[in-house]
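# Coordinates in review
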Amino acid sequence: MGFLHRSKNQCKLCHERFDKNQELIEHARKVHHQSILRCRSCGMEFLHEEDRLHHVQEEKEKKLDRRRHR
Ligand SMILES: [Zn+2]
Ligand SMILES: [Zn+2]
């Protein structure tokens, strides 16, 4: 953790920084009219396809975990 957070919520187009990823997404949508990607199962929003895929992968693993412990 730690250093990974440094530029995580920074806008790549105007380099403005945000505390929360959700704020960055709102900014990108309103200011840059960027298209927002959405997780089909929980509705969480992402700016980049690779972020969405990473999240979907994590959700899949969590589901498998749950099944294993039942
Ligand atoms: Zn921006
Ligand atoms: Zn999700």
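Every value quoted in this text rests on a predicted model; they were computed, and no experiment measured them.

The next point concerns the pattern of salt bridges. On inspection of all chains with the given rule, the structure shows five salt bridges. Of the charged contacts, one joins Arg29 and Glu45 as a salt bridge, the two residues approaching to 3.3 Å between their closest N and O atoms. Here Arg29, found in helix α1 (residues 21-31), pairs with Glu45, found in strand β2 (residues 45-46); they are 16 residues apart in sequence, far enough to count as distant. The salt bridge partner of Glu45 is Arg38, with a shortest N-O separation of 3.0 Å. One salt-bridge network, in which partners are shared between bridges, spans Glu26, Arg29, Lys30, Arg38 and Glu45.

Here the focus is the environment of Gln22. Here Gln22 is to be found in helix α1. A C-alpha to C-alpha distance of 7.7 Å links Gln22 and Glu45, two positions 23 residues apart in sequence.

Reading the values: the criteria
Residues numbered from 1 in each chain as written. Chains lettered and ligands numbered in written order. Predicted model: local features only at pLDDT ≥ 70, side-chain atom pairs only at ≥ 80, totals over all residues. Heavy atoms only, no water. Salt bridge = Lys/Arg side-chain N within 4 Å of Asp/Glu carboxyl O. Helix = DSSP H or I, 4+ residues; strand = E, 2+ residues; numbered from the N terminus.

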